[in-house]
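Summary of the model geometry
Listed below, chain by chain, are the residues.
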Amino acid sequence: MNSEKFSRDALMPETKLSFMRSHLQDKKLFHSMDQAVASFPTYTLPNGTIYQGVIMEDEARSGIGQEVHPNKTYFIGSFLEGRYHGKGFLLSGDFFYEGEFENDLIQGQGRVTHNKGTVYQGEFQANEAHGLGRENYSDGSYYQGQFFEGKKQGEGNQYIGDFVANKFEGKGEYRFGDGSVYKGEFKDGKMNGFGIFTWPDGQTYEGNYKDDRKEGYGILKTIDGLTYRGNFEAGAKHGEGVM
């Protein structure tokens, strides 16, 4: 059954659309899809979904289309045999996803933004974060590494601290996948300034850094109980020092 016109603004709550617009990354693809479906007919499906796009003879949605479900879930993207398949954008109850789909499932590369501020970007399988990805949290911290069925798994890097222009800036803590930990100052996304670096075997360095390398005065303590106090240059001991 044909409807008169598809109107996203009329069918969806403004708060949801505003959330989607503020977190939309691939605006070029979204607008090209939006333009592509503009001339297509609109249908009201038996389950109450309002759909704009192409419907094949077997009544399956196909190609680029957009739809709003009765529960106010919105999708625009590629359909194959009536299912989400290919690239698309999905706005649901508490999240907005853009990326790849396969047989109605979020599958492949994508990005999901939750309304509480958490953002995950990476690999998905069967609607879950699965594989390599990065999850950013509203407090500025993040986890980068492996995920398994939506949960962090294996080795990963994690940063907790200050950001400026989406880069590490100020004081923070960086945990490496191998167990090493740096606590100190950052600038331009790198270890810059004073900090303390601890290796998994217990060795520590306390001193100055420049662009992720030891630079200037510092104290290096080895697991053998030896301590070096002196200068470093480009990450290596330099000049006079005291053991």
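Our structure is the block above this text.
Because the structure is predicted, anything quoted here is derived from the model rather than measured.

1. What to know about the overall build of the protein chain
For the protein chain, the count of helices and strands is 3 helices and 18 strands. For 243 residues, the compact-globule estimate of 2.2 N^0.38 gives 18 Å, and the C-alpha radius of gyration of the protein chain, at 25 Å, exceeds that figure by more than 25%. On the principal axes, the C-alpha backbone points of the protein chain span a range of 85 × 30 × 25 Å. Residue burial in the protein chain is summarised as follows: out of 243 residues, 38% are buried. When contacts within the protein chain are restricted to residue pairs at least 6 apart in sequence, long-range pairs at least 24 apart make up 16% of them. Averaging the positions of the 27 positive and the 35 negative side-chain charges in the protein chain gives two centres separated by 5 Å.

2. Things to note about the pairing of strand β12 (residues 167-175)
As judged from the 6 bridges shared by β12 and strand β13 (residues 181-187), these two strands associate in the antiparallel manner. For Arg175, the partnering residue across the bridge sits in β13 and is Val181.

3. Quick look at the nonpolar core
Residues Leu90, Tyr97 and Phe101 are the most contacted members of the largest nonpolar core, which totals 17 residues. Secondary structure elements with two or more residues in this core: β4 (74-80), β5 (83-91), β6 (95-102), β7 (105-114), β8 (119-125) and β10 (142-148). Once you skip the residues sitting within four places of it in the chain, Leu90 turns out to touch Thr73, Tyr74, Phe75, Tyr84, Phe95, Phe96, Tyr97, Phe101 and Ile106. If you look at the next biggest cluster of nonpolar residues, it comprises 15 residues, including Phe30, Tyr74, Leu91 and Phe96.

4. Some points on the environment of Phe79
Of note, Phe79 is situated in strand β4. Of the residues examined, Phe79 reaches a relative accessible area of 4% and is grouped as buried. As for Phe79 and Phe101, which are separated by 22 residues in sequence, their C-alpha atoms are 9.3 Å apart. Once residues within four sequence positions are removed from consideration, Phe79 is found in contact with Tyr51, Arg61, Ser62, Gly63, Gly65, Gln66, Glu67, Tyr84 and His85.

5. Here's the deal with the packing of aromatic side chains
The relative placement of two aromatic rings is captured by the distance of their centres and the angle of their planes. Scanning the entire structure with this criterion turns up 29 aromatic pairs. The interplanar angle of 85° and the centroid separation of 5.2 Å between the aromatic rings of Phe30 and Phe89 together place this pair among those described as edge-to-face. Taken together, the residues Phe30 in helix α3 (residues 27-37) and Phe89 in strand β5 connect sequence positions 59 residues apart. Its end group placed over the ring of Tyr205, Lys214 keeps NZ or CZ at 5.5 Å from the ring centre. Above the plane of the ring of Tyr228 lies Lys237, whose end atom (NZ or CZ) is 5.0 Å from the centre.

6. Quick word on the pattern of salt bridges
Close approach of charged atoms allows side chains of opposite charge to pair. Under the defined criterion, the tally for this structure stands at 7 salt bridges. A salt bridge links Asp34 to Arg8, with the nearest nitrogen and oxygen atoms 3.1 Å apart. Taken together, the residues span a long stretch of sequence, with Asp34 in helix α3 and Arg8 in helix α1 (residues 8-11) at a distance of 26 residues. By relative accessible area, which is 16% here, Arg8 ends up buried. Close ionic contact of Glu135 with Lys152 constitutes a salt bridge, the shortest N to O distance being 3.7 Å. With a gap of 17 residues between them, Glu135 in strand β9 (residues 128-136) and Lys152 in strand β11 (residues 151-164) connect regions that are remote in the sequence. Taking relative accessible area as the criterion, Lys152 reaches 44% and is therefore assigned partly exposed. Via salt bridges that share partners, Asp9, Glu14 and Arg21 belong to a single interconnected network.

Analysis parameters
- Here, residues in each chain are numbered from 1, in the same order as that chain's written sequence.
- Totals for whole chains, interfaces and linings use all residues, but because this is a predicted model, local features are given only for residues with pLDDT of at least 70 and pairs of side-chain atoms are given and counted only at 80 or more.
- Neither water nor hydrogens contribute to the side-chain values; these are computed over all heavy atoms in the structure.
- Going along the chain from the N terminus, every DSSP run of H or I of four or more residues is numbered as a helix, and every run of E of two or more is numbered as a strand.
- The globule rule used for comparison is 2.2 Å times the number of residues to the exponent 0.38, while the radius of gyration itself is calculated over C-alpha atoms.
- Partly exposed residues are those whose accessible area sits between 20% and 50% of the maximum for their type, while under 20% is buried and over 50% is exposed, using a 1.4 Å probe and protein chains only.
- Throughout, a residue-residue contact means that at least one pair of heavy atoms, one from each residue, lies within 4.5 Å.
- His is not counted here, nor are the chain ends, while Lys and Arg score as positive and Asp and Glu score as negative.
- A single reference atom marks each charge: NZ on Lys, CZ on Arg, CG on Asp, CD on Glu.
- Being paired, for any two strands, means DSSP has found at least two bridges between them.
- What we call a nonpolar core is a set of buried Ala, Val, Leu, Ile, Met, Phe, Trp, Tyr and Cys residues that are connected through their side-chain atoms within 4.5 Å.
- Centres within 6.5 Å make a pair out of two Phe, Tyr or Trp rings, where for Trp the six-membered ring is used; the pair is then stacked when the planes are under 30 degrees apart, edge-to-face when over 60, and tilted otherwise.
- In this scheme, the term charge over a ring applies when either NZ of a lysine or CZ of an arginine sits within 6 Å of the ring centre and within 35 degrees of the ring normal.
- Any Lys or Arg side-chain nitrogen located within 4 Å of an Asp or Glu carboxyl oxygen qualifies as a salt bridge.

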